[in-house]
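Here's the letter readout for the chains.
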Amino acid sequence: MTQRAGIDHEGPDRGPAIDAGAELDPVHPVRLPAPRFKPGGLTTAEVAERIARGAVNDVPVRSSRSTADIVRGNVFTRFNAIIGVLWVIMLFVAPIQDSLFGFVIVANTGIGIVQELRAKKTLDGLAVIGEAKPSVRRDGATTEISTSAIVLDDVIELGPGDKVVVDGVVGEADGLEIDESLLTGEADPVLKKPGDQVMSGSFVVAGGGAFTATKVGREAYAAQLAEEASRFTLVHSELRSGISTILKYVTWMMIPTSIGLIISQLIVKDNNLKDSIARTVGGIVPMIPEGLVLLTSVAFAIGVIRLGRKQCLVQELPAIEGLARVDVVCLDKTGTLTEGGMDVTELRTLGGAEPAYVKKVLGALGESDPRPNASLQAIIDAYPDSEEWRCTESLPFSSARKYSGASFSEGDGETSTWLLGAPDVLLPAGDRTLEEINHLNEQGLRVLLLARSARELDAPEVATGVRPTALVVLEQRLRPDAADTLRYFDEQDVHAKVISGDNAVSVSAVAGKLGLPGAENTVDARRLPTGQDEMAEQLVKNAVFGRVTPQQKRDMVGALQSRGHTVAMTGDGVNDVLALKDADIGVSMGSGSEATRAVAQIVLLNNSFATLPSVVAEGRRVIGNITRVATLFLTKTVYSVLLAILVVCWQVEYPFLPRHLTLLSTLTIGIPAFFLALAPNKERAKPHFVRRVMRYAVPGGVIAAVATFVTYLLARSYYSGEGALEAETSAATLTLFLTSMWVLAIIARPYTWWRVALVGAMGLAFLIVLVVPWLQDFFQLKLVGTTMPWTAVAVSAAASVLIEVAFHWVDRRFPA
């Protein structure tokens, strides 16, 4: 068995212990005296002692809001407070029928809490599955533990893709390169040696090693970054910020209107105090779109639960919304379009090299890397190591340089240096071997070049003038579901761009096998322009890009965003981290590196690319349906405010009691909105939520208010004597119900059997209230005579025609 150089497992102490409380500066790193490094790690007794004194990494990394936060967020809202006060007042001054709105709010709040608790349970369960498990040495053995179980002075091993979870000082390093860009903004990896500091929040891009934890828990530099990276949140989305904007304006409209309504109802004619209060409350309550926030939370929560069943962890809730808005998805080939594993299908020797000798080299190269990537693992499986060779120095694979290497003592006294990597990087342009390789790439095969270098492994020009020795041909395993997923994106008008570090021809062949539109439009990223505008132009024209560096992936995402695109990025390797972080939506595979899972908003725990269409569909369902139902809620707000203003201006009694508007709201908004919010919806989410909603809500609400008030005034001139106000209210209620039902009928389009049944059921329910005697008494609704009821129907019909015309005009004049 070969032994790797660069890791001293039995070495002496490396210096005095460092003060664990000393400040570590990630921007200007310094070489620090290493703490007492123990290659075998802490003993069980030492771990217990540190736990006893609280030196534990106890940062609470939560995947969701706490139960208390959920209850508080649903109960203690601005509008719940207003409605709560009005409810208490009504319980004292009016029959229970006029207090029904309060019970509806209690039920709605309860539904919201239950759904969010269900979502929390789903998220917490998935977070445990997807949690990073650092490798820690204790009692001389390596074991995986949870991040929260790390204690001060623990020895933590690092390999490619691992995230540094606590601050520390390097004790062992073998070509250890760490990317600190998430902390410092510097994209270039930093080579770490024993004694160098490492910071939580950074991640390994190449090599391996181990470090001693010097700061744990809340003292760690990026502890808060780590906590926020996986926290469930309901904020920072266009949808929720748009609703907040609407509610802010609603509040400002309510205040003067409510004051005017209160004054007018108390002084108008000779109303008694209790009736005046009841009608005032009846005017204020419907101004509040109380169910809109609830339905938004419920729709998001149910989306989380649905996706959770598909093993999809949504680390940031607005990601559901964001992916619904995506129009470009950038795909990394390896691990996304192809499965992680590979198989060696052929070994072609070059320059007369002996196959047996080449196999020895490959076996030794495989053994030189303790954390092999998929390509090297396939070589290890095909060519076992020979114990005769000893690795004296190794150079881990890096996606930036595209090759790895090692120097060996071959057992007979001879030493040699070998590189294994991308042929078109290691060979000069025009080399005849590249033509042979190109034919293999066109078949979708992956080809690595084994080459001997005459230079030392740590020489800057080690890859210059190498001697080609063999071609290792690898076959990649295509994901069986990738073709269907790409077809889905094409049908949904989402442009897929394959961005890979592999050879461009090979990537194009794989994309072509999977049926990617434009797979023949392939670009070698080394020839891409560096300017953002020029790069964006190439990205729009082409679909497949090969030999892309990690920094280029980041630049490509930025270039697409500069053209107004909403970009999703998928990946599973450390070379994808920068692009995942900058993309509008980052999607990581569950089997991907810790670093990619930490920065991604969505983690596919089942590693199935085919889950993405479900995420897109869920996002579109949520956004599209909330836009629909928001129109219903805000139409009610508009007509309620306008009715109150008309009542104040005409100095008449407010036509409705709270029971009337509770009935109308339930039948024309509450029940229908609940079903419409959870219905399938495949339309891609569009921007400008507030404008899209208000362009329908304003004309619909204005027409409904005017029609209702016209009927009310006609009824006031028609009815007289005892019971006239009840008859007037019944006529106005009929007009408002029929007009609101027409708005619902428009919002429910396009019709399906269940949508027609839903609208019909609401109409039938109102008819039952009008004809069943005890319901007439309960809701104080009774149509008197035939003239005014038919007048109310006629006014409603005219208003419905106006609403239809207004909506068509809005569509032409203010297209979404």
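Structural data are supplied above this passage.
Residues numbered from 1 in each chain as written. Predicted model: local features only at pLDDT ≥ 70, side-chain atom pairs only at ≥ 80, totals over all residues. Heavy atoms only, no water.

At their nearest, the axes of helix α7 (residues 238–267) and helix α9 (residues 290–309) sit 11 Å apart, and the two run at 170° to each other. It follows from the interaxial angle that α7 and α9 lie roughly antiparallel. Where α7 abuts α9, its residues L239, R240, I243 and L247 lie against L292, V293, T296, S297 and F300. Here the residues of the contact of α7 with α9 are counted per class, giving six nonpolar, two polar and one charged. (Axes fitted to C-alpha atoms, helices over the stretch in contact; angles between N-to-C directions. Helix = DSSP H or I, 4+ residues; strand = E, 2+ residues; numbered from the N terminus. Parallel < 35°, antiparallel > 145°, perpendicular 65-115°, else oblique. Contact = heavy atoms within 4.5 Å. Nonpolar A, V, L, I, M, F, W, Y, C, P; charged D, E, K, R; others polar.)

Two elements in contact, α7 and helix α21 (residues 612–650), have axes whose closest approach is 9 Å; the angle formed by their N-to-C orientations is 20°. It follows from the interaxial angle that α7 and α21 lie roughly parallel. Handedness of the crossing formed by α7 with α21: left-handed. Only I623, I626, L634, T637, V641, A644, I645, V647 and V648 of α21 make contact with α7, whose side of the interface consists of L239, I243, I246, V250, T257, G260, L261, S264 and Q265. Taken together, the residues that form the contact of α7 with α21 break down as 13 nonpolar, five polar and no charged. (Left-handed = near helix turned anticlockwise from the far one by under 90°.)

Before going further, it helps to spend a moment on the side chain of S202. Relative to the elements of secondary structure, S202 occurs in the loop between β6 (197–198) and β7 (203–215). One polar contact links the side chain of S202 to the main-chain carbonyl oxygen of M199, over a distance of 2.5 Å. (Polar contact = N/O pair within 3.5 Å; in protein donor to acceptor, adjacent residues only side chain to side chain.)

Attention now moves to the pattern of salt bridges. Following the criterion strictly, the structure yields 29 salt bridges and no others. Measuring nitrogen to oxygen at the nearest pair gives 2.6 Å for the salt bridge that ties E346 to R348. Residues joined in a network through salt bridges with shared partners are E49, R50, R53 and D153. (Salt bridge = Lys/Arg side-chain N within 4 Å of Asp/Glu carboxyl O.)

Here the focus is a nonpolar patch on the surface. A cluster of nonpolar side chains, W252, I255, I259, I262, I263, L266, I267 and L273, forms an exposed patch at the surface whose accessible area comes to about 820 Å². Looking at the nonpolar patch element by element, the count peaks at seven residues for α7. Residue L273 is classed as exposed on the basis of its relative accessible area of 55%. (Patch = residues over 30% accessible without salt bridge, like charges linked within 9 Å, V, L, I, M, F, W, Y side chains within 5 Å. Areas by Shrake-Rupley, 256 points an atom, 1.4 Å probe, with all protein chains shown as cover. Buried < 20%, exposed > 50% of the residue type's maximum accessible area, 1.4 Å probe, protein only.)

Right, let's talk about the packing of aromatic side chains for a bit. A full pass over the atoms with the stated rule returns 13 aromatic pairs. On the basis of an interplanar angle of 70° and a centroid distance of 5.3 Å, the ring pair of W650 and F709 is categorised as edge-to-face. Residue W650 is located in helix α21, and its partner F709 is located in helix α23 (residues 689–718); the two are separated by 59 residues in the primary sequence. A relative accessible area of 4% means that F709 is categorised as buried. Among the aromatic side chains, those forming a connected cluster through ring pairs are Y357, W389, F408 and W418. In this arrangement the basic side chain of K248 is found over the ring face of Y249, its NZ or CZ atom lying 5.5 Å from the centre. (Phe/Tyr/Trp six-rings, centres within 6.5 Å; stacked < 30°, edge-to-face > 60°. Lys NZ or Arg CZ within 6 Å of the ring centre and 35° of its normal.)

Before going further, it helps to spend a moment on the sheet that holds strand β20 (residues 585–589). Pairing is mixed in the open sheet, where eight strands are placed in the order β8-β21-β20-β19-β9-β16-β18-β17. In this open sheet, the two edge strands, each paired with only one partner strand, are β8 (312–314) and β17 (522–524). Across the sheet, the axes of successive neighbouring strands diverge by a mean angle of 20°, strand direction being ignored. Sheet analysis places strand β9 (residues 328–331) next to strand β19 (residues 567–571), joined by four bridges and oriented parallel. (Pairing = 2+ DSSP bridges.)

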